[in-house]
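Survey of secondary and tertiary structure
Now for the letters of each chain:
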Amino acid sequence: MPYPVPSPKTFDAWLEAVVAPFPDDTAERLRAELSAHHAEALAALREAGHPDPEGAALAGLGPVPEVREALKHAYFTRLEDEALRSAPLWPVADPESPRRAALGTVLALALPPVAGMLGWLSFGWAAYSVYAVGLLLLGTLSRWVPRRVAPRSGRVLHRALKSLWHVLGAASLSPVWFGADPQGWVVVAGITAGVALAEAAALRPLWPYLPKALRGAR
């Protein structure tokens with residue numbers, strides 16, 4: 001449902017029209033920031049002796065539609081926030097606790113060499129080294145990136161990185177576990193394709209918001 005765009009005559013009316021499309025927490029932040037900006041402009045105009053400081057300050061803020069569009073590049077709207085929260089993956093998109101993340105990394109690193117020593121599958125240290133570096137890199141990114149951006153963007157990016165980790169983890173099974181065995185490569189290619197399709201389908205509700213999340217939108 002489109003939001004109405006009135007022609008405000010006062011700053012309060014302008015402010016409420018601008019923040020209308022945004023969630024409550026974002027609207028509160030924007031009210032504080034825009035009110036402070038307006039107060040500074042108004043004080044400067046009064047000090048300069050402007051004949052209509054209130055009107056000039058209001059005009060200097062810009063038309064409501066243009067300001068809204070500019071803010072939408074940096075903030076998720078209420079409709080986008082509702083769509084994110086209704087996505088099936090959203091409840092599990094929070095980054096794991098450091099303890100849980102460390103445990104998962106240790107298990108993922110330990111399993112291939114243990115299985116190789118037990119003779120369950122063939123195992124190659126050269127391929128494992130590449131696997132370990134990739135695992136540690138993705139694990140670090142999945143914990144570091146979400147904490148450097150706003151929470152909504154952080155959850156989107158964390159889930160996208162987690163999906164990438166799953167796909168690359170499946171792809172790494174072939175060189176790490178099966179070496180040069182052609183039959184093993186075929187099996188893992190099928191597994192990797194299946195994982196990639198499943199992750200792409202699971203992430204589908206979040207894809208439209210990934211560019212905005214990469215910009216660190218609040």
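Before going into details, it helps to say that this report is about the structure given with it. Just so it is clear, the model here is predicted, and its values are computed rather than measured. (Residues numbered from 1 in each chain as written. Predicted model: local features only at pLDDT ≥ 70, side-chain atom pairs only at ≥ 80, totals over all residues. Heavy atoms only, no water.)

1. A look at the packing of aromatic side chains
For clarity, the threshold we go by: Any two rings among Phe, Tyr and Trp, with Trp reduced to its six-membered ring, count as a pair given centres within 6.5 Å; such a pair is stacked if its planes are under 30 degrees apart, edge-to-face if over 60, and tilted if neither. Each helix is a run of DSSP H or I of at least 4 residues and each strand a run of E of at least 2, with the numbering of both proceeding from the N terminus. Throughout this description, buried means an accessible area under 20% of the type-specific maximum (1.4 Å probe, protein chains only), exposed means over 50%, and partly exposed covers the range between.
Taken as a whole and assessed by the stated rule, the structure comprises three aromatic pairs. Ring geometry for Phe22 and Tyr75: centres 6.3 Å apart, planes at 75 degrees, overall edge-to-face. Separated by 53 residues along the polypeptide, Phe22 in the loop between α1 (11–19) and α2 (24–47) and Tyr75 in the loop between α4 (64–72) and α5 (78–86) bring together distant segments of the chain. An identical accessibility class is assigned to Phe22 and Tyr75; each is buried.

2. Digging into the packing of α1 against α4
Let me state the cut-off plainly: The angle between two axes is taken between their N-to-C directions and runs from 0 to 180 degrees, where each axis is a line fitted to C-alpha atoms and a helix contributes only its stretch in contact. Angle categories: roughly parallel below 35 degrees, roughly antiparallel above 145, roughly perpendicular from 65 to 115, and oblique for all the rest. For any pair of crossing helices, the crossing counts as left-handed if the nearer helix is rotated counterclockwise from the farther one by less than a right angle, and right-handed if it is rotated clockwise. In what follows, a contact means two residues having at least one pair of non-hydrogen atoms within 4.5 Å.
Axis separation between α1 and α4 bottoms out at 9 Å; the angle between their running directions is 40 degrees. The pairing of α1 with α4 is recorded here as oblique in orientation. Crossing of α1 against α4: the hand is right-handed. Together, Trp14, Ala17 and Val18 of α1 and Val64, Val67, Arg68 and Leu71 of α4 make up the contact between the two elements.

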